[in-house]
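Fold and contact review
Each chain, letter by letter, is given below.
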Amino acid sequence: METDNSADLKVEELLKEVQLEYSPALTKFVDDAVSSIKAAIDTIPQDLKVTADLAPGFVRDIGADKVEFDFKKPKSVKIGGSYAIECLVKPEFNVDLFVQLPKECFHEKDYLNYRYHAKRCLYLCVIKKYLMSSSLVGKVEWSTFQNEVRKPVLIVYPVTKLVALPGFFVRIIPTAPSLFSIPKLNLQRNNVRAVSKGGIPQSTPKYNSSILEDMFIEDTEELVKQTFLGSKELRQGLVLLKVWARHRMPIYAYDCLNGFLISVILAYLVDRNHINKSMKAMQIFRVTMKFIATSDLWKHGLYFTPKGQKAVSKEERLPFKESFPIVICTPSRSFNIAFRVTRVGFLELQNESTMTLACIEKCRDGGFEEVFMTRIDYPVKYDHVMRLNLKGKSSVYGSGFCLDDECWRVYEQKVHNVLSHGLSDRVKTVRVTWKSMLSESILQNGLSSLNTEPLVIGISVSSLDKALRIVDIGPDADNKEEALKFRQFWGDKAELRRFKDGKIAESTVWETEQWKRHIVIKKISEHVLLRHLSLLKENIVHIVDQLDFSLLYGAEDPISSSGSLFGAFEILSKQLRLIEDIPLKVSTVQALDSAFRYSSVFPPEPHPLANEKGSFVRLNQFPPSCIRPLEVMIQLEGSGNWPMDDIAIEKTKSAFLLKIGESLQNSWGMTCTATEDDVDVFVSGYAFRLKIWHERGLTLLRRETGNAHVKKVSNVDKELYFRSQHSSMINGFQTCYPAYGPVVRLAKRWAASHLFSACLVEEAIELLVAYIFLKPLPFNAPCSRITGFLRFLRLLSDYDWTFSALVVDINNDLTSNDEKEIRETFMLSRKGYEENPQNVNSAMFLATSYDKASEAWTKFSPNSMELKRLMAYAGSSANLLTKLILEDHTDSYRWECLFRTPLNNYDAVILLHREKLPYPQRLLFPSELHEGVHVARGNASKGFHPFLLPGDFKGSSEDLRNKVLVNFDPLRCFVGDLEKEYSNTFKLWYDSLGGDAVGITWGGCISKKRGREEADEEVKDPIDLLKDVGKVGTGFVRGIYLLKAPRRS
């Protein structure tokens, strides 16, 4: 009940926000704008001679003749559209103005061969000319009616402006009631003589409907007006539906849904008593969604039946169903309002409606956020987006610009058919749209220059198993007819193969390395488009692998060597369990490192020196001098003899680890290195760092993790518990969603490249990405890395972190009591927000079944300031990525900008010597700065090199092994030293994955324990301070730049 009330309140607020208030000032402004247009039209002389010279290119290319006429004033000029029924929805402020074309300008047979369309355009040309000379009109532009080039409309911007209506314009739409005999425009008639097959004229249903639309638009408008003007609730329901549709770019399109069509569907539901005027707006919305998603009436068509009239017979319906996939017929039963709606467009509409109903049922607050506030565009909805640059491609209009349908719509269908055939069961949706941008020069010079906008294709994958398939099996060799068709379609990619089961069949093979399997769909798409549409490869842009550069180490993705890592872990695990000479045997061994769950950006590659003692060392090239250890958690058998004191427990663990290392060394000749805190073991090229989880910690932590018992558990055991639970959970999760790993790796690379390594730990990123797979609504779970990455960025930037906890329940473990506990803990963490928004614990509250209090990963960072910065960067990156996917360009630098952080956003910047980074190949882009005060510079140290050099190869293999540095990271050491010394002076921002720049912002984290002496001590000059920072990093720091001095309080 509480949720319902919350949803109702939000809907009320939304309606207030988006509905236009029809104030006297507003209506006067609109009336004045319309009056000025009428006045300009009235100045046009009667019987003005109109010829094709006003739009020669347009008339020529649509193939019209006999288009001259004497201008007559319109029969009427009246306001229509959403404004007329008080259903305008912000932020779009426009008024439709219906200009009724006079019969005297037309001959009775002008419905033939595009004469009507030509004269309609020329009539508008005359109006435009006189509008341009009016002092009350600011600007007049051309546009299309529902993307139909053969039906231009005028967009008129008045000189006067109203603050309440930014960007206001009037759209002039010609209408033609009773202009031609309706039987002459019957769907089965041919009215374009060029449309024939083997000399036999073919029917032109699309062309005929295009003219009928102008003839019936005013009648349909009147029907809608009568339905809506008497009911406030109905109008509100329409407004909600419009808000919903406008957020969904794939369906709010010329071949699917528009505001007018929504109002017609609602009017039909009222006509059939599915909706009554006493319903609330949200009820009307739900009923409409359910009707669109599930009604069987769509199969037969929607027919308005006026009172006293018989229901539509099967014979009357047949011509409509043969001509169009979707039918919404006017009361006259002569015209299908939905004649532009394609089968694919409608299936997408049904899919969106189904998703919306799921959001209402499953999401918080009745799915308000997902239904009305989430933007659904091509980049975020589809797993693959393609752009075809068809500028100047004459084959698009080789058969003519306009026959029954326009050549651009015909080409869309061609592309759809070719891709659907080629991709077959790999995809569930192929959505093709091509926007037409009309201009004066096109009307003058012709339609060949219209295809400047790229054709956009959205592809939804059916499943990754199918999408990543390398071999497609075609017909058997014995089936000659089908085999021939297969070869004709696939060309040189078709080959006859014998399979393991003895079957001989046609097939296609898309050979690719394992780490490149995600581009199989790209390979297929390019092949079929090049073969069947004669496109050039450079004109096809397939968004799938543009960000792969950020995950490469050298020339390939290091994830490809993960197999050997798992093999090495198996050896270690087996041998740990076989150890007999320790008081408590090893019972479980668990890998904790993200490399074992395929979510490490750079999983380690085998190191030639990280091997068992006595093994042969072959060095083909200079090996790295550093090796990253992979943490492994060991649990021992239970015992009641453990000490109670934390320090004593840790000392006992160390003793066990030393004994384990000794046993591994003695029994299997493994190389083990021990320090006071750690034991590292070399196995098959990898370094494993062993940790013991104390069983008493396990017992306590298995209980509720928010109670007092947790306080008794040592921090080491608590951290191991969290890491163990997290690792198990994510490990199982990533097997269900193969796209999860690549998305997480991109997200981690992005966070690090923008210097957020200290703010957002990798486990937190893994949970954020898991959330977009677990709670994908209003989408399906992503099946591609770029789509998943974009959704991660939008989640990070748009989520209401201040007032909402993010709950990641991977295994559906949380009960209603758990959820209540999470809510209460979250509210407690926000108690002081009103007093001080900066004083918030867990600014990013991430709750899981193992961590209901958000203690594990985000308790202290990001803090409010860091989170605000994170959200801003994520929003900016999401907008850039969206543009890169949709805009027509192939500039790789712009893709790189997603991972290039602007260094001028910091108060000071430290640049490091690249050749002193432990893994210099991981550096994406060398950092340079050409602004600010260059306060310090330093030479590189000779004491460390990231690779073992020829001089290091002297001596035995044991000596070589001793030169390998385990877990050495100069950046981590440098940052650690600075934080100890200057944590109250500045905040450090860095890239732990291989960046060569450290950002500084003044006024870091002020410690509550800071003493009066510290607070009162004199603030050092920033230049001197930064010089001291340079001294701390002597040999590692290349230069320090001061961009902004700290503000003096």
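Below is a summary of the structure that appears in this document. Keep in mind it's a predicted model, so treat the numbers as computed, not measured.

Here the focus is the overall build of the protein chain. Scanning the protein chain for helices and strands turns up 34 helices and 32 strands. Relative to the globule expectation of 31 Å for 1049 residues, the C-alpha radius of gyration of the protein chain, 35 Å, shows essentially globular dimensions. Overall size of the protein chain, expressed as C-alpha extent along the three principal axes, is 105 × 80 × 55 Å. Put simply, of all contacts in the protein chain between residues at least 6 apart along the chain, 73% involve residues at least 24 apart. For the protein chain, the exposed area adds up to about 46,400 Å²; of that, 50% sits on carbon and sulfur atoms. Of the charged side chains in the protein chain, 137 are positive and 131 negative, and the gap between their average positions amounts to 4 Å.

Our focus in this paragraph is the side chain of N336. Relative to the helices and strands, N336 is located in the loop between strand 11 (328–329) and helix 12 (343–362). What makes N336 buried here is its relative accessible area of 0%. Engagement of the side chain of N336 in a polar contact is seen with the backbone oxygen of I326, the distance being 2.9 Å. Discounting chain neighbours no more than four positions away, the residues touching N336 are F320, F324, I326, V327 and I328.

Below, the discussion takes up the nonpolar core. F372, W750 and F792 are the most contacted members of the largest nonpolar core, which has 261 residues in total. At 11 residues, the largest contribution of residues to this core is made by helix 5 (residues 115–132). Among all residues touching F792, those that are not within four sequence positions of it are A747, W750, I765, L768, V769 and I772. V586, I649, L664 and V681 belong to the second-largest nonpolar core, a separate cluster that totals 32 residues.

Time to look at the pattern of salt bridges. Considering all chains together, one arrives at 65 salt bridges under this definition. Note that R689 and D680 form a salt bridge whose closest N and O atoms lie 2.7 Å from each other. The class for R689 is buried, based on a relative accessible area of 9%. When its relative accessible area of 5% is taken as the criterion, D680 is described as buried. Across the pair D818 and K852 runs a salt bridge whose closest N-O atoms are separated by 3.9 Å. One end of the pair, D818, is in helix 28 (residues 816–829); the other, K852, is in the loop between strand 26 (846–847) and helix 29 (864–886), and 34 residues separate them in sequence.

Attention shifts here to the sheet that holds strand 27 (residues 908–912). Spatially, five strands are ordered 28-32-27-31-30 in an open sheet, and the strand pairing comes out antiparallel. The open sheet has two free edges, formed respectively by strand 28 (933–937) and strand 30 (986–990), since each of these has just one partner strand. Taking each pair of neighbouring strands and ignoring which way they run, the sheet shows an average axis angle of 20°. Bridging between strand 30 and strand 31 (residues 997–1002) involves five bridges; their strand directions are antiparallel. Considered in strand 31, the bridge of F986 is made with W1002.

What follows deals with the packing of helix 18 (residues 480–490) against helix 19 (residues 520–533). Running from N to C, helix 18 and helix 19 cross one another at 90°; their axes reach a closest spacing of 9 Å. Overall, the two elements helix 18 and helix 19 adopt an arrangement that is roughly perpendicular. Along its contact with helix 18, which presents R487, Q488, F489 and W490, the element helix 19 presents I524, H527, V528, R531 and H532. Counted by class, the contact of helix 18 with helix 19 contains four nonpolar, three polar and two charged residues.

As a further point, take the sheet that holds strand 24 (residues 686–693). Within the open sheet, the five strands sit side by side as 19-21-24-23-22. Their pairing is mixed. Edge positions in the sheet fall to strand 19 (586–591) and strand 22 (671–674), since each has one partner strand and no second. Here the strands of the sheet are splayed against their neighbours by 30° on average, with no regard to which way each runs. In the packing of helix 20 (residues 562–577) onto the sheet, contacts are made with strand 19, strand 21 (630–636), strand 23 (679–683) and strand 24, and the angle to strand 19 comes to roughly 165°.

What follows concerns the side chain of K242. Here K242 lies in helix 7 (residues 232–246). Of the side chains with opposite charge, E92 comes closest to the buried, unpaired K242, at an N-O distance of 8.2 Å. Discounting residues that sit within four places of it in the chain, K242 has contacts with S82, C87, V89, G259 and I262.

Looking at where I822 falls in the secondary structure, it is placed in helix 28. Under the relative-accessibility criterion, I822 is labelled buried at 2%.

As a further point, take the environment of I459. Mapped onto the elements, I459 comes out in strand 14 (residues 455–461). Overall, the relative accessible area of 0% leaves I459 in the buried class. Sequence-wise, I459 and S209 are 250 residues apart; in three dimensions their C-alpha atoms are separated by 30 Å. Excluding its chain neighbours within four sequence positions, the residues that come into contact with I459 are Y382, D383, H384, M386, L423, V427 and T429.

The N-to-C vectors of helix 20 and helix 21 (residues 646–668) enclose an angle of 105°; their axes lie 11 Å apart at closest approach. Of the possible angle classes, the one that applies to helix 20 and helix 21 is roughly perpendicular. The residues of helix 21 that touch helix 20, namely those facing L572, Q575 and L576, are I660, L664 and W668. In terms of residue class, the contact of helix 20 with helix 21 is built from five nonpolar, one polar and no charged.

Quick notes on the rules
- In this numbering scheme, every chain counts its residues from 1 along its sequence in written order.
- With the structure being a predicted model, the display of local features is reserved for residues of pLDDT at least 70 and the display and counting of side-chain atom pairs for 80 or more, all residues being used for whole-chain, interface and lining totals.
- Hydrogen atoms and water are omitted, and side-chain values are computed over all heavy atoms in the structure.
- Secondary structure elements follow DSSP: runs of H or I of four or more residues count as helices, runs of E of two or more count as strands, with numbering from the N terminus.
- We compute the radius of gyration over the C-alpha atoms and compare it with the globule rule, which gives 2.2 Å times the number of residues raised to the power 0.38.
- By definition in these notes, contact holds between two residues if any of their heavy atoms fall within 4.5 Å.
- Accessible surface is estimated by sampling points in the Shrake-Rupley manner with a 1.4 Å probe; for residues, cover comes only from the protein chains shown.
- Charged-residue counts in this description rest on Lys and Arg as positive and Asp and Glu as negative, His and the chain ends being excluded.
- To locate a charge, take NZ of a lysine, CZ of an arginine, CG of an aspartate or CD of a glutamate.
- We call a residue buried when its accessible area falls under 20% of the maximum for its residue type, exposed when it is over 50%, and partly exposed in between, using a 1.4 Å probe and counting protein chains only.
- We define a polar contact as two N or O atoms separated by no more than 3.5 Å, with the added condition that, inside protein, one atom must be a possible hydrogen donor and the other a possible acceptor, whereas residues neighbouring each other in sequence contribute only through side-chain atom pairs.
- Side-chain atoms within 4.5 Å link the members of a nonpolar core, which is a set of buried Ala, Val, Leu, Ile, Met, Phe, Trp, Tyr and Cys residues.
- Every case where a carboxyl oxygen of Asp or Glu lies within 4 Å of a side-chain nitrogen of Lys or Arg is listed as a salt bridge.
- Strand pairing is assigned whenever DSSP identifies at least 2 bridges connecting the two strands.
- Only the stretch in contact is used when fitting a helix axis, every axis being a line fitted to C-alpha atoms; angles between N-to-C directions are given from 0 to 180 degrees.
- Here the angle decides the label: under 35 degrees means roughly parallel, over 145 means roughly antiparallel, 65 to 115 means roughly perpendicular, and every other value means oblique.
- Three classes are used: nonpolar for Ala, Val, Leu, Ile, Met, Phe, Trp, Tyr, Cys and Pro, charged for Asp, Glu, Lys and Arg, and polar for all others, with Gly counted as polar.

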